[in-house]
Structure formats: structure tokens, C-alpha cells
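Residues per chain are reported as follows:
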Amino acid sequence: MLTHDDSDHTGGARALERGLPVRTVYAAAPRSGVPGPAAHEPIVPLVRGMHLTFAPTAHVLWPPAIDAPDVALSSRGDNAASLVLEVGAGATRTWLMADADSVVERALTPSGEVALLKAGHHGSGSSSGAAFVQAVRPRVVALSCGAHNAYGHPDARACERLACSGARLDRTDRDGTLWYELDARGVRRLDWRSGEPWRRRRGP
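### Quick look at empty space enclosed by the protein
This model, assessed by the stated rule, comprises one cavity of 30 Å³ or more. Space inside the largest cavity adds up to approximately 50 Å³. Looking at the largest cavity, the residues that line it are Thr-3, His-4, Asp-5, Ala-28, Ala-29, Val-34, Gly-36, Pro-37, Asp-78 and Ala-81. Its residues placed into classes, the lining of the largest cavity shows five nonpolar, three polar and two charged.

In C-alpha cells:
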């Protein structure tokens, strides 16, 4: 899954393809002014409303269909055309927001709390709006941001909005890699430093 054509989101795609048996690459459908990863990668294009029958299933929440009215994505760049996904259902429901901002958030239709929210745009101040956070009511929030990054992510006000929902905030700038296991009980954070969980269960 390539969310959009920013190097911090797709820059490692070729390395993954060299190291893993990748059969299919999915990305947001290209559109005028925002070609996205399709400009240099053979992709399966995705738009809002599509369902992917993986395990767990994934539902495409954004971007809208190419012919959707009143959506000026081409003037707002790649972030506004980010691929936003809902993965899983029930106690495992997870929203992956890529670099979506509050304008995109207002166009979505949350239907109750989510187990895990990957906060939009690295926790920037233009994402994780108060109304959106209260609508999704995440139990855990993952903030992906580099330590001492030049953009000042995550924004203190965004963190406050997220924390006011009662969510636990996990941050890569403080905690390193974030790794989660989702099952019928909900979401559980794993300690990546202790090794892969299936190896711990089965032995070496």
C-alpha cells in the first residue's frame, strides 16, 4: 500500500520490492494534477468505497472517486489525496490516516470508536481536529514522527486534542518502532526488541 507520493511514505518501496515477494501494489487512484505513485509504479488504483478482501479486510475511506463533485484535490497536493484505510472490524477496527488533514477528516463519516488510530500527517497541527477525534474516540493513537524533526511534529495542540479523548499516545520519536497485535480483545502493543512474537511462541 503506497499512501501518496511523498518520499517519507514511498521512498522505501523499491527496497521492499527487492527484499519481499510483492505481487500487487495498491495506491490512491491518479487524478489530474495529482498523479501519485502511479506516475512511476504499476499500481492497482483505489478510491473511496472499495473493499479489499484481505485478512483482515480493508475499506478505502479516501480519496473520493475521480468524478466526485466539489473536491479540489489537484490544488491541495498529494497530502489531500492520501490513501486513508479502515482495517478490521469491531474491537480491532483501525484507521490509517496517512497525511490527511482536517479538511479530509471533515469529509469522512466515522461510525464509533476505533481500537487504533494512526494519526494523520505525523501529528501535525492541521490534522486530528477536535470533532474528528471525538467522533472516532481512539483507544490507542500511533504518532509517526522522527526525533528532533525539522517540522516540529507532533504538534502540542494536536497531542492535546488526542489525549483529551482518553486515548493512549504512542510516539516513534520517543518509543522507536511501534508494533501492534489486534485480536478479538482489541489492540496490544508488542515490544519489537524482544523478537518476533511467532518465533517466541514456536521457539527458534
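### Brief notes about the environment of Ala-29
Here Ala-29 is to be found in the loop between strand 1 (26–28) and strand 2 (44–46). Residue Ala-29 is classed as buried on the basis of its relative accessible area of 10%. Taking the C-alpha atoms as reference, Ala-29 lies 20 Å from His-121; in sequence the two are 92 residues apart. Discounting residues that sit within four places of it in the chain, Ala-29 has contacts with Pro-45, Leu-46, Val-47 and Ile-66.

### Some details on the packing of aromatic side chains
Enumeration over the complete set of coordinates arrives at two aromatic pairs. Between Tyr-26 and Phe-54, the ring centres sit 5.6 Å apart and the planes meet at 75°, which makes this aromatic pair edge-to-face. One end of the pair, Tyr-26, is in strand 1; the other, Phe-54, is in the loop between strand 3 (51–52) and strand 4 (58–62), and 28 residues separate them in sequence. For the ring pair Trp-95 and Phe-132, a centre distance of 6.0 Å and an interplane angle of 40° mean the geometry is tilted. Of the two residues, Trp-95 sits in strand 6 (residues 94–96) while Phe-132 sits in helix 4 (residues 130–136), which places them 37 residues apart along the sequence. Phe-132 carries the same exposure label as Trp-95, and that label is buried.

Rules and cut-offs
Residues numbered from 1 in each chain as written. Predicted model: local features only at pLDDT ≥ 70, side-chain atom pairs only at ≥ 80, totals over all residues. Heavy atoms only, no water. 1 Å grid on protein atoms, 1.4 Å probe; cavity = no way out; pocket = protein on both sides within 12 Å on 5 of 7 lines; lining within 4 Å. Points joined across faces, edges and corners; volume = space filled by probe spheres on them. Nonpolar A, V, L, I, M, F, W, Y, C, P; charged D, E, K, R; others polar. Helix = DSSP H or I, 4+ residues; strand = E, 2+ residues; numbered from the N terminus. Buried < 20%, exposed > 50% of the residue type's maximum accessible area, 1.4 Å probe, protein only. Contact = heavy atoms within 4.5 Å. Phe/Tyr/Trp six-rings, centres within 6.5 Å; stacked < 30°, edge-to-face > 60°.

Function-wise, these values are silent; they only describe arrangement.
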